[in-house]
Amino acid sequence: MAKVLSPMPVGIRAQIEAMALEVAELVPDAAYANYMILDPTRSDPTGILPGTPIYVGQSGCVARRIKSHMRQALMQSVRRGSLYERIVAIVRAGAMPIFRVLQLHSTRLESVRGETIWAQRLLRDGACLYNRWPEQSRVMADKELARRQRRRLFDLSLAEASEAGAALQARCCRDGWHVAIGAEHLLPRFGKLVTFHAVRRTLRECPQCGGRLRHAIVIEGAISPVSTGAPDRNAGP
Ligand SMILES: [Zn+2]
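Chains are numbered independently. Their residues run from 1 in the order of the written sequence. It should be noted that, the model being predicted, local features are given only for residues of pLDDT at least 70 and side-chain atom pairs only at 80 or more, the latter also being counted only at that level, while totals for whole chains, interfaces and linings use all residues. Calculation of side-chain values draws on the structure's entire complement of heavy atoms; hydrogens and water are dropped beforehand.

Quick word on the overall build of the protein chain
Working step 1: Counting its secondary structure elements, the protein chain contains nine helices and seven strands.
Working step 2: Within the span of the protein chain, comprising 237 residues, buried residues form 44% of the whole.
Working step 3: Methods summary: accessible areas were calculated by the Shrake-Rupley approach with a probe of 1.4 Å, and residue burial reflects only the protein chains presented. For the protein chain, the accessible surface area stands at approximately 12800 Å², while carbon and sulfur atoms represent 50% of it. Numbering of helices and strands runs from the N terminus; a helix is a DSSP stretch of H or I covering at least four residues, while a strand is a stretch of E covering at least two. Burial status follows relative accessibility: with a 1.4 Å probe on protein chains alone, a residue under 20% of its type maximum counts as buried, one over 50% as exposed, and anything between as partly exposed.

Points about the nonpolar core
Working step 1: What makes a nonpolar core is a set of buried Ala, Val, Leu, Ile, Met, Phe, Trp, Tyr and Cys residues whose side-chain atoms join them at distances within 4.5 Å. Counting 28 residues, the largest nonpolar core has Met-70, Leu-74 and Phe-99 as the members making the most contacts within it.
Working step 2: When contributions to this core are tallied by element, the ones reaching two or more residues are α1 (10-24), β1 (32-39), β2 (52-59), α2 (62-75) and α3 (83-92).
Working step 3: Leu-109, Ile-181, Val-199 and Cys-206 belong to the second-largest nonpolar core, a separate cluster that totals 23 residues.

Some words on the coordination of the zinc ion
Working step 1: The protein atoms that coordinate the zinc ion are Cys-172 (SG), Asp-175 (OD), Asp-175 (OD), Cys-206 (SG) and Cys-209 (SG), at distances of 2.3 to 2.6 Å.
Working step 2: Between the donor residues of the zinc ion, the gaps in sequence give the motif C-x2-D-x30-C-x2-C. Here Cys-172 is found in strand β4 (residues 166-172), whereas its partner Cys-209 is found in the loop between α9 (196-201) and β6 (213-219), with 37 residues between them in sequence.
Working step 3: Relative accessible area serves as the criterion here: at 30%, Cys-209 is assigned to the partly exposed category. Only nitrogen, oxygen and sulfur atoms within 2.8 Å of the metal, or 3.2 Å for Na, K and Ca, are treated as donors, and water is left out, so sites may look incomplete.

Considering the sheet that holds β2
Working step 1: Here we have three strands laid out as an open sheet, ordered β2-β1-β3, and antiparallel in their pairing. Strand pairing shows two members of the sheet lacking a second neighbour, β2 and β3 (98-105), which therefore form its edges. Mean inter-strand twist for the sheet, computed between neighbouring axes without regard to direction, equals 20°.
Working step 2: Strand pairing is assigned whenever DSSP identifies at least 2 bridges connecting the two strands. In terms of strand pairing, β1 meets β3 through seven bridges, oriented antiparallel. Its bridge partner being in β3, Asn-34 is matched across the sheet by Gln-103.
Working step 3: A contact between two residues is defined here by any heavy atoms of the two lying within 4.5 Å. Only the stretch in contact is used when fitting a helix axis, every axis being a line fitted to C-alpha atoms; angles between N-to-C directions are given from 0 to 180 degrees. Sitting on the sheet, helix α4 (residues 108-124) touches β1, β2 and β3, and the angle it makes with β2 is about 170°.

Structural notes on helix α8 (residues 183-190)
Working step 1: Among the residues making up α8, those that are buried are Ala-183, Leu-186 and Phe-190. Along the axis of α8, the buried residues cluster in a sector spanning 60°; they form a single face.
Working step 2: Residue Gly-191 follows α8 closely and has a positive phi angle near 95°. By definition, the arc is the one covered by directions from the helix axis to the C-beta atoms.

Some points on the packing of aromatic side chains
Working step 1: Put simply, two rings from Phe, Tyr or Trp (the six-membered ring, in Trp's case) pair if the centres are within 6.5 Å, and we call them stacked under 30 degrees between planes, edge-to-face over 60, tilted for the rest. Across all of its chains, the model carries two aromatic pairs by this definition.
Working step 2: Ring-pair connections join several aromatic residues into one group, and the members of that group are Tyr-35, Tyr-55 and Phe-99.
Working step 3: Charge-over-ring placement is defined geometrically: NZ (Lys) or CZ (Arg) within 6 Å of the ring centre, and within 35 degrees of the ring normal. Its guanidinium or amino end placed over the ring of Trp-133, Arg-152 lies 3.4 Å from that ring's centre, counting from NZ or CZ.
Working step 4: Against the face of Phe-154 rests Arg-200, its NZ or CZ located 4.0 Å from the ring centre.

None of this, on its own, says anything about what the molecule does.
This is the structure:
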């Protein structure tokens, strides 16, 4: 699909800038925010909001994220059925999407979890979200949701995980050998931007029996830098 507005008209650019600043004023420095995007051209199913929710996101820099959403929608080709196609339609109708901060968090980890909780809340209220992860685009049972939330933690970078006090736990399927390594101790070896997914790939086999290791992300609790030892009967998450 062709670019819709190229170059972006000065008026729209100024509106986006103003909108991003206004929202960012609500977010203290160093905080993460869950936000939603509303379409003011369609009414909210609950009748409370000034438009229907179309997307839930999270960011450590909400002003930059808003500008990036708008730039991607208006300056690049947009995929059919995507959030950005919807944003283009809103702008073409002479309106602007509305960005609303939902909740503030002190770590990326809380923010990532919060994003899905908010998405589920809005979905249950009848919203249709353009989010791409299943847990953010369809109503899901608690059990499946919890499983997906756990899996999502592997997407955290070591810097984010370290800030949240998260650790990678590996456990042998055969003999119960296990280890839990705090993200801060993985940082020097793997670097800040590497995710737990990547680290997990380097830790596949049990050093005792060669059995397959299962992984989990554990948060808080008494996690020593490197703990190994006897089978732990209080199995992790
Ligand atoms: Zn083993």
